[in-house]
Amino acid sequence: GDSVTQMEGPVTLSEEAFLTINCTYTATGYPSLFWYVQYPGEGLQLLLKATKADDKGSNKGFEATYRKETTSFHLEKGSVQVSDSAVYFCALSDTGGSYIPTFGRGTSLIVHP
Amino acid sequence: GAGVSQSPSNKVTEKGKDVELRCDPISGHTALYWYRQSLGQGLEFLIYFQGNSAPDKSGLPSDRFSAERTGGSVSTLTIQRTQQEDSAVYLCASSLRGGPGTLTETQYFGPGTRLLVL
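Quick caveat: nothing in here was measured; it's all calculated off a predicted structure.

Engineer: Explain the overall build of chain B residue by residue, including any values.
Structural biologist: If you tally the helices and strands in chain B, you get zero helices and eleven strands. Secondary structure elements in chain B, listed N-terminal to C-terminal, are β-β-β-β-β-β-β-β-β-β-β. Considered along the principal axes of its C-alpha atoms, chain B spans approximately 40 × 30 × 30 Å. Per-residue burial over chain B gives 50% buried out of 118 residues. For chain B, the share of sequence-separated contacts (at least 6 apart) that also reach a separation of at least 24 residues comes to 56%. Of the roughly 5500 Å² of accessible surface on chain B, a fraction of 47% belongs to carbon and sulfur atoms. Taken as two groups, the 11 positive and 11 negative side-chain charges of chain B have centres that lie 2 Å from each other.

The structure is reproduced here in structure tokens:
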């Protein structure tokens, strides 16, 4: 079946540091890939997505590239801010399986001033 | 318009009691999903509604869990005879259409109901 594996957190960074959160997946079909973010006390909200191989999703300074050869969708940001502190979820929807999204466990990011 | 809302935001109950959790999706959204988020775990899919029908109930962990949706809008998740292992955050999400052919569709989440079973 489908699965999403994220790096374990928490990830702790100083403001303006470079961020990478790793995400790899297994899928039986041709998935679409997503990053959702959950700020404290709020529900998840879509951060970015990519629908086919080599697509790059981007939003709010965050980027992720759909790498079919490595089955990865790593999240990156060049300079994090304190306001980026949140939990980040990688997810996929797959043509080969259920169309209901599969989510990773989430990675907590803590950014210090 | 308004986003997805859930109530109550927090619920503390005693083992063996029944609880009802409510979700109000975004107006006009056909698809509605319930997930469970346990400490240190990802989102566990529970049930999916397309309109008022539930084509996928595969994630419900036991027959103590049930859900319904009326008028293609509000949904209620009911847990009977609660157990301590039911303690978690229950998240509801909606999307415009859902189902096959909507792989790129965004889900919109509510803030969740935090359930604690003592």
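There's plenty left to go through after this.
Engineer: Quick rundown of the pattern of salt bridges? Include the residues and the values.
Structural biologist: This structure, assessed with the given rule, holds seven salt bridges over all chains. The residue Asp55(A) makes a salt bridge to Lys52(A) at a minimum N-O spacing of 3.4 Å. The partner of Arg97(B) in a salt bridge is Glu105(B), with the nearest N and O atoms 3.9 Å apart. Accessibility expressed as a relative area gives 48% for Arg97(B), which makes it partly exposed. Given a relative accessible area of 17%, Glu105(B) falls into the buried group.

Engineer: Let's hear about the layout of surface pockets: which residues, and what values?
Structural biologist: Over the atoms a probe the size of a water molecule is rolled, and this reveals where empty space is left. Estimates place the volume of the largest pocket at around 870 Å³. In terms of lining, the largest pocket is formed by 37 residues, of which the most central are Gln38(A), Gln37(B), Ser38(B), Leu39(B) and Gly40(B). When contributions to the lining of the largest pocket are tallied by element, the ones reaching two or more residues are strand S1 (3-6), strand S10 (86-93) and strand S12 (107-112) of chain A together with strand S2 (10-13), strand S9 (88-95) and strand S11 (113-117) of chain B.

Engineer: Could you give me a rundown of the pairing of strand S5 (residues 43-50) of chain B, with the residues and numbers involved?
Structural biologist: Residues and elements named next belong to chain B. For S5, the tally of buried residues reaches six of eight residues, placing the bulk of the element in the interior. One ladder, built from seven bridges, connects strand S4 (residues 31-37) with S5; its direction is antiparallel. Bridged to Ala31 within S5 is Gln50. Between the end of S4 and the start of S5, which pair antiparallel, lie five residues, with Gly40 showing a positive phi angle near 75°. Here S5 pairs with strand S6 (residues 53-56) via two bridges, running antiparallel.

Cut-offs and rules
- Residues numbered from 1 in each chain as written.
- Chains lettered and ligands numbered in written order.
- Predicted model: local features only at pLDDT ≥ 70, side-chain atom pairs only at ≥ 80, totals over all residues.
- Heavy atoms only, no water.
- Helix = DSSP H or I, 4+ residues; strand = E, 2+ residues; numbered from the N terminus.
- Buried < 20%, exposed > 50% of the residue type's maximum accessible area, 1.4 Å probe, protein only.
- Contact = heavy atoms within 4.5 Å.
- Areas by Shrake-Rupley, 256 points an atom, 1.4 Å probe, with all protein chains shown as cover.
- Lys, Arg positive; Asp, Glu negative; His and termini not counted.
- Charge placed at Lys NZ, Arg CZ, Asp CG, Glu CD.
- Salt bridge = Lys/Arg side-chain N within 4 Å of Asp/Glu carboxyl O.
- 1 Å grid on protein atoms, 1.4 Å probe; cavity = no way out; pocket = protein on both sides within 12 Å on 5 of 7 lines; lining within 4 Å.
- Points joined across faces, edges and corners; volume = space filled by probe spheres on them.
- Pairing = 2+ DSSP bridges.

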